[in-house]
Amino acid sequence: MSKKLIKEVKQSFEKQFRTEPILVFSPGRINLIGEHTDYNDGFVFPAAINKGIGLAIQQSSYNTSKVSALNKDESFEFSLDDIKPVENGGWRNYILGVISELQNLGLKIGNFNSVFAGDIPGGAGMSSSAALENSFVYGLNTLFDLGLSKAEMILVSQKAEHNYAGVKCGIMDQYASMFGVKKSALLLDCRTVASEPFKIDFGDYRLMLINTNVKHDLSESAYNDRRSVCEMVSEKLNIKALRDATLEDLDTLKPEITEADYQKASYVIEENNRVQLFSKAIKEHDLEALGALLYQSHDGLSNKFKVSCVELDFLVQEAKQNKNVLGARMMGGGFGGCTINLILKHDFKKFKKEVSKKFQSEFGRSCSVYGVKLSQGTHLVN
Ligand code: GLA
C-alpha cells in the first residue's frame, strides 16, 4: 500500500470537508493462473498487490452525497433517493452500483462525503474496478454499521459490476482484492468461494508484469460472449458449470456445437486442470513446471479461447526467446492489459530494457514494466 496515496486522499478530504474521515485501502490483483475459469465454478490463483485504491470517507449531514476522484480531478454529487447508472459515467457507475446493491439488500445508508485516488495503471487488467467497488462497500459498511461480512461485501461488488458496468464477471477480482494475504497467492475454489493461501517464494525467480498499455474496445462484449458460450455448453451437457465436465464429456457434444465453441469449452476444462497442476508444482517448488503451465495457459487463451491480441502475443513470444524467462502468459480478461512473466531475478532489468525497445519498434508506442508485491486485502488504515 502506498502511504503517499492515503496521505493525499486524507489531506484532500480534510481540506474539502473540514472533518476527519475514515481511511480504507483496497488493492488490485494479479492472477498466477486460471483465466476465465471463475464464472465456470472453477479454480483460480490470484493475489492482492501493493497497488490499489485509497478512500477517505465520512458521514455527511447534507441531503446529498459527494465523491471526488482525485486523479481525475472530477467530482460527483447525487441523491441517495434516486440511484441509477449514469450514461458513460465511467468510475461513477462502480460506486453507484455498490450503493444500489446495498439498497437492494434493504440496508440503509446515510449521506456521505468521500475522496478516492488510485495507483493501479488503468486498463492494465489489474482490477482497478474491483478495488474501487470494494473500497466503497467496505467504507460504507464500516461507516453505517451495516454488519456485512467480507464474503457478503464481495457479492455486492460483483453485482455492481454486473448491473452497473454491464460486465458479467466472476468472483475472482473482488475476492482477491478483499481477502488478499501478504506474500501469498490464494488458490480459490469459485464454487465454494473458499481459498487456501500459498506463500509465494520463487527463489531466484520473480514475477514481472508487462503492460501493453492497450485495451481493445471489444473486451466487454467479448467477455460476456465467452461466458454465454460456456453456459450454453454446460446446459447441453446437463451440468451446472464447465467445472463439472471432462474433455471426454465435451467430446460427446462435438456433432452439436461449432468447432469454435468446442475449442473454447475445451480451453476452460484444460485451464481448470492447469490450476491444480500449478498448485502442486508450487508445493514441490518445481519452477520449470510452473513456467510450462504459464505458456500452455497463454496458448489456450490465444488460440482456443481467443481472448488475446497481437500486443500480448508479441510479449509472450519475446519471453519465449529468453531462456531466463521460465513462463509467461496474458493475464485477466484479455484484449489488452498485461502479461505475467516468471523471470530470473538477475535478468529483470536487462529483459525490461530489451523488451521495451522491441515493443516500441514493433508497435510505435511503449509498454510498461512492473514488479509486484503480494499484499493484504481491503482494510482500514489508521
Ligand atoms: C476479469 C473478470 C474476472 C475473470 C477474469 C478472467 O478480470 O472480472 O471475473 O473472469 O476477467 O479470468
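First, a word on scope: everything that follows refers to the structure included in this document.

Rules behind the numbers
Residues numbered from 1 in each chain as written. Predicted model: local features only at pLDDT ≥ 70, side-chain atom pairs only at ≥ 80, totals over all residues. Heavy atoms only, no water. Pairing = 2+ DSSP bridges. Helix = DSSP H or I, 4+ residues; strand = E, 2+ residues; numbered from the N terminus. Contact = heavy atoms within 4.5 Å. Axes fitted to C-alpha atoms, helices over the stretch in contact; angles between N-to-C directions. Buried < 20%, exposed > 50% of the residue type's maximum accessible area, 1.4 Å probe, protein only. Near = heavy atom within 4 Å. Polar contact = N/O pair within 3.5 Å; in protein donor to acceptor, adjacent residues only side chain to side chain. Areas by Shrake-Rupley, 256 points an atom, 1.4 Å probe, with all protein chains shown as cover. 1 Å grid on protein atoms, 1.4 Å probe; cavity = no way out; pocket = protein on both sides within 12 Å on 5 of 7 lines; lining within 4 Å. Sits in = over half its atoms within 2 Å of the grid points. Nonpolar A, V, L, I, M, F, W, Y, C, P; charged D, E, K, R; others polar.

Reading across the sheet, the three strands line up as 2-7-8 and stay open at both edges, with antiparallel pairing between neighbours. What marks the edges here is a single partner per strand, and that holds for strand 2 (43–44) and strand 8 (194–199). In the sheet, strand 7 (residues 184–189) pairs with strand 8 via six bridges, with the strands oriented antiparallel. Its bridge partner lying in strand 8, Leu186 is registered against Pro197. Across the sheet, helix 5 (residues 172–179) is in contact with strand 2, strand 7 and strand 8; its angle to strand 7 comes to roughly 135°.

A separate point is the environment of Leu209. Tracing the chain through its elements places Leu209 in strand 9 (residues 205–215). Under the relative-accessibility criterion, Leu209 is labelled buried at 0%.

Turning our eyes to something else, we now look at the site of the ligand. Close contacts around the ligand come from Arg29, Glu35, His36, Asp38, Tyr39, Cys169, Gly170, Met172, Asp173, Tyr223, Gly332 and Gly333, and that covers them all. One of the side-chain N or O atoms of Arg29 is found 3.1 Å from an oxygen atom in the ligand. Contact between the ligand and Glu35: an oxygen atom at 2.7 Å from a side-chain N or O atom of the residue. Burial of the ligand by the surrounding chains reaches 93%, relative to a free accessible area of 310 Å². The pocket occupied by the ligand, as judged from atoms lying within 2 Å of grid points, is the largest pocket. Here the shell around the ligand is composed, by residue class, of four nonpolar, four polar and four charged.

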